[in-house]
Amino acid sequence: MKISSTNLPPELPPDTKPLQHQIGGHFYGNPKTKFGILQRCSTGVVLKPFITEVRGKCEWRFYSDAFSDQAPENFCALRPFLAAPLGIYQYNEINYLVLENIVQKFVHPCIADIKIGRITYDFQASKEDIEKCHRRYPPLNEVGFQLLGWQNYNSRKNLYDYHDKNCGRSLTKEEIIYAIAHFYGAPRSDHRKIVRLVLERLTILEHIMTKQQGLVFISSSLLIVYEGENDNEINLSSEPKFDIRVIDLCKVFKVEQYVDQTGLDDNFLYGLRSYMNYLRRLLDDTFVYVPIDKLNCINQ
Ligand SMILES: Nc1ncnc2c1ncn2[C@@H]1O[C@H](COP(=O)(O)OP(=O)(O)OP(=O)(O)O)[C@@H](O)[C@H]1O
Ligand SMILES: [Mg+2]
């Protein structure tokens, strides 16, 4: 990979621009990383740069295996929860993984990136890396997931309200529930309808993951998207449009690399179940939304 020695981001390949509606991860032009996710202007497909060869190759291998004709049945079952891989594209010696854009079909997408797992470091992490991960978000060991960011469509202003990972990580384990409720529309609209659908779909993912012996998904995220278009309309007849995928698969490893694993990805399952339990609380009749100051710091 050609890493620029200047402070400039790498040249954009033809017919590309920084990804629209990006929630977390590497942003194109960020002074620290410079690289970032792009999209093709003409087709909308996502171009994810190989930030390092190892990570990029690992992610590409995972997608190739999952979509190969020889993939075992339990692996095939995951496909509806993955963005379709569309190949590798190279420009100026930088490799990009080309993926289906899962947000494209939404008019006004409300999107959350939720990093799943208590452990976010891989088996090669040093003691310092591990400590850094713990310091970054102390409640993680109990909560099991991190809100890396979310955007809501604000139909009144025709703008998106965006909260980033710093906001997500500033929340205590008691406050998280209100941030999740906020993402699903509280207090402006009834969050229950969409929460119920998301929970049903996550139950299917949970089932698939319990059959997924042999792989661990470190630092992967759930990308949850729903249509914010009808914010102001009372549209009781139609089901809300939504989609859920698992993204960021550059740290998916075979279990043999983990000495104490029994075969199931307990780390991912713990985080997924914990998030699902928060959704169950949102469906409970006793749930009352409490506005919290930390959610007022929105970027638009
Ligand atoms: N297939 C996709 N369709 C639409 N948006 C996507 C897709 N994949 C990723 N995104 C957006 O890009 C953001 C970052 O994605 P991802 O976590 O895969 O990249 P990254 O963190 O920059 O890379 P890495 O962690 O592998 O270094 C997500 O929060 C999401 O908003
Ligand atoms: Mg990421």
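Residues numbered from 1 in each chain as written. Chains lettered and ligands numbered in written order. Predicted model: local features only at pLDDT ≥ 70, side-chain atom pairs only at ≥ 80, totals over all residues. Heavy atoms only, no water.

- The name given to the chain in an unreviewed UniProt entry is Kinase, and the organism recorded there is Adineta steineri.
- Per UniProt, the comment on the chain under Sequence similarities (unreviewed entry) is "Belongs to the inositol phosphokinase (IPK) family." (UniProt positions renumbered as here; feature names shortened; annotations may be inferred.)

### Observations concerning the nonpolar core
Among soluble globular proteins, nonpolar side chains are generally buried collectively.
For step 1, the next point in the chain: Core analysis: the biggest nonpolar cluster contains 76 residues, and Phe-62, Tyr-184 and Leu-222 have the highest contact counts within it.
For step 2, the next point in the chain: Residue-level mapping places this core at the junction of two domains, with at least three residues from each of domain 1 (16-99) and domain 2 (109-296).
For step 3, the next point in the chain: Residues in contact with Phe-62, not counting those within four places in the same chain, are Phe-75, Leu-78, Leu-82, Leu-215, Phe-217, Leu-249 and Val-252.
For step 4, the next point in the chain: Grouped together as the second largest cluster of nonpolar side chains are 8 residues, Val-45, Tyr-89, Ile-94 and Val-98 included. (Core = buried A, V, L, I, M, F, W, Y, C linked by side-chain atoms within 4.5 Å. Buried < 20%, exposed > 50% of the residue type's maximum accessible area, 1.4 Å probe, protein only. Domains from an automatic or database assignment. Contact = heavy atoms within 4.5 Å.)

### Regarding the pairing of strand β5 (residues 94-99)
For step 1, the next point in the chain: Most of β5 is tucked away: 6 of the 6 residues are buried.
For step 2, the next point in the chain: Neither face of β5 is left uncovered, since the one carrying Ile-94, Tyr-96 and Val-98 and the one carrying Asn-95, Leu-97 and Leu-99 both have all their residues buried.
For step 3, the next point in the chain: In terms of strand pairing, strand β3 (residues 46-49) meets β5 through 4 bridges, oriented antiparallel. Bridge pairing in β5 links Leu-47 to Val-98.
For step 4, the next point in the chain: Taking the residues that link successive antiparallel strands as the turn, the strand β4 (residues 85-91)-β5 hairpin has 2 residues, and the phi of Asn-92 there is positive, at about 50 degrees. (Helix = DSSP H or I, 4+ residues; strand = E, 2+ residues; numbered from the N terminus. Pairing = 2+ DSSP bridges.)

### Focus: the domain arrangement of the chain
For step 1, the next point in the chain: If you check the domain split of the chain, you get domain 1 (16-99) and domain 2 (109-296).
For step 2, the next point in the chain: When each unit is reduced to the centre of its C-alpha atoms, the spacing between domain 1 and domain 2 is 20 Å.
For step 3, the next point in the chain: On the side of domain 2, 26 residues touch domain 1, which itself brings 19 residues to the contact.
For step 4, the next point in the chain: Between domain 1 and domain 2 lies a buried interface of about 2000 Å² when both sides are counted; carbon and sulfur atoms form 64% of it.
For step 5, the next point in the chain: Area buried by domain 1 at its contact with domain 2 is led by His-21, Ile-23 and Phe-81, which between them contribute 39% of it.
For step 6, the next point in the chain: Linking domain 1 with domain 2 are 1 salt bridge, by the criterion used here.
For step 7, the next point in the chain: A salt bridge links Asp-248 to Lys-48, with the nearest nitrogen and oxygen atoms 3.3 Å apart. (Buried area = accessible area lost by both parts, 1.4 Å probe. Salt bridge = Lys/Arg side-chain N within 4 Å of Asp/Glu carboxyl O.)

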